[in-house]
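Descriptive analysis of the structure
Listed below, chain by chain, are the residues.
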Amino acid sequence: MKRRQGFRYRIYPTPEQVSRLESWQGALRFLWNLAHEQRLTGLARERRERRYPSAFAQINELKGIREELDWLADVPRNVCAQLLVELDKSWQRCFRKLARQPRWKRKGRDWAPLCEPHPKVWRLDAEGSRLRFPKLGWTPVKLHRALEGTPKTCTITREHDQWFVSIVCEREVEAPAPPAGAPVALDRGVAVAVADSDGRMVQNPRFLRKQAKRLARAQRVVARRRKGSENQKKARAKVARLHRKVRRQREHFLHHVSNDYAKNHRIVVVEKLLVRNMTRSAKGTREAPGNHVRAKAGLNKAILDVGWGRLCQMLRYKCDWSGATLFEVAPNYSSQTCAACSFVAKQSRRSQSQFVCVACRHVANADVNAAEVLLSRGIHGGAVCGGSA
């Protein structure tokens, strides 16, 4: 079986290269917004006259635009074409109702990907210490681990003051044998990040809460600075570094948790949660304002801080790599159902951590009981979707 895997390394472009990369960003934002507007205009027509341009059609029009705009022609042609392909993928996900409609790219907020999809155009030197990207030249790279497989695509990204390259490789691997561990189900929460059906509970590290005071102080400094000044840019940079630290801590934590379950259990069961719907604001409208807005906002922040959706994403590909099977089951009433007798009652959930069944008097930790209910649903065919993820 073929496996595609990404490898991410830090690169150190010179000030001249950074200036050129930033100018490319402006050109790619313009190209994205132009192609996006073309699609919106075509969709806004009457149904009989509606014209929806494809990525192929927009790429064919790219040559004429680049001939008229020198600053767009400075960007590698394959990078421009791949940007239009990514826009088309975003629209296709929107049409399948897997994501929202693509939005306009704004300076300072949205990053346009610098992806070179053809492996013969870019390369690493023999020592693996430099990267050659088209029209950019050689750039020092920190290759902290060796590439595995045949390199395919090369993408340059930016995290505020740091630059990275992501290289996707493809290689042939043997189909992995399923792990020997028994099936397990995971109940994701806020007070406890993960509680499994074996009784193990992974505490929520609350990375964002730990940095909340520093973030609030740094954001107040941004608010006091004159808009557009150099001092405000420095203050914004500090906020960005704090958010980057929180994000990296969360990713590190989730990688460890997902890797542990994917490698040690042949079946992993999780509940299929619509995190986007669960974290919507409760403000409502001016005519019909919502209730408990502040409490709901706090809950939304806690859910996003623990990373429910990201954990499930990691489990999908890691179970595929390890040979395990991931099932997603319906979450309905899992916190109110008794794992011993399957009786459903709201009164059985005494508190956040205590579950006492009103029918059979079964006593358990509420999160562990919910995980056992999910495991039963996954094993006995209650999965809403499943298979090797």
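Residues numbered from 1 in each chain as written. Predicted model: local features only at pLDDT ≥ 70, side-chain atom pairs only at ≥ 80, totals over all residues. Heavy atoms only, no water.

With respect to a positive patch on the surface
Put simply, the rule is: What makes a patch is a set of residues exposed beyond 30% relative accessible area and free of salt bridges, joined within 9 Å when like-charged and within 5 Å when nonpolar (Val, Leu, Ile, Met, Phe, Trp, Tyr). Each accessible area is a Shrake-Rupley result for a 1.4 Å probe, and residues are judged covered by the shown protein chains and nothing else. Here a salt bridge means any side-chain nitrogen of Lys or Arg lying within 4 Å of a carboxyl oxygen belonging to Asp or Glu. A residue counts as positive if it is Lys or Arg and as negative if it is Asp or Glu; His and the chain ends are not included. Charge coordinates come from a single atom per side chain, which is NZ of Lys, CZ of Arg, CG of Asp or CD of Glu. Counting from the N terminus, the helices are DSSP H or I runs at least four residues long and the strands are E runs at least two residues long. Partly exposed describes any residue whose relative accessible area lies between the buried limit of under 20% and the exposed limit of over 50%, with all areas from a 1.4 Å probe on protein chains only and scaled to the type maximum.
Together, Lys213, Arg214, Arg217, Arg220, Arg224, Arg225, Lys238, Arg241 and Lys245 give the surface a local cluster of positive charge. Where the positive patch is concerned, the elements lending two or more residues are helix H7 (212-224) and helix H8 (230-264). Residue contributions to the positive patch peak at five residues, all from H7. Considering the arrangement of structural elements, one finds Lys238 in helix H8. Accessibility expressed as a relative area gives 45% for Lys238, which makes it partly exposed.

Brief notes about the pattern of salt bridges
Per the stated rule, a full pass over the model turns up 20 salt bridges. Linking Asp367 and Arg349 is a salt bridge whose minimum nitrogen-to-oxygen distance equals 3.8 Å. Highlighted residues: Asp367 in helix H12 (residues 366-379) and Arg349 in the loop between strand E12 (325-329) and strand E13 (354-356), separated in sequence by 18 residues. Note on Arg349: relative accessible area 26%, which makes it partly exposed. Linked by salt bridges that have partners in common, Arg8, Glu159, Arg247 and Arg248 make up one network.

Some thoughts on the nonpolar core
Condition: Nine residue types can take part in a nonpolar core, namely buried Ala, Val, Leu, Ile, Met, Phe, Trp, Tyr and Cys, and a core is a set of them joined through side-chain atoms within 4.5 Å. The contact definition used throughout considers only heavy atoms, calling two residues in contact when any of these lie within 4.5 Å.
In this structure, Leu28, Ile156 and Val165 are the most contacted members of the largest nonpolar core, which totals 35 residues. Taken together, the elements giving at least two residues each to this core come down to strand E1 (2-11), helix H1 (15-43), helix H5 (77-95), strand E4 (130-133), strand E6 (150-159) and strand E7 (162-172). No other element matches H1, which puts eight residues into this core. Discounting residues that sit within four places of it in the chain, Ile156 has contacts with Ile11, Leu21, Trp111, Leu114, Phe133, Leu136, Trp163, Phe164 and Val165. In this structure, Val275, Ala302, Trp308 and Leu326 belong to the second largest nonpolar core, which totals 27 residues.

Some points on the pairing of strand E9 (residues 192-196)
To keep it simple, the criterion reads: Each pair of strands is called paired provided DSSP finds at least two bridges between the two strands.
Of all five residues in E9, five are buried, a share of seventy percent or more. In terms of strand pairing, strand E8 (residues 184-188) meets E9 through three bridges, oriented antiparallel. Paired with Leu186 across the strands is Asp196, a residue of E9. Here E8 folds back onto E9 in antiparallel fashion, the turn holding three residues. The pairing of E9 with strand E10 (residues 201-203) spans three bridges and is antiparallel. By the bridge assignment for E10, Val192 is matched with Gln203. Hairpin connection of E9 to E10: four residues between the antiparallel strands, including Gly199 at a positive phi of 95°.

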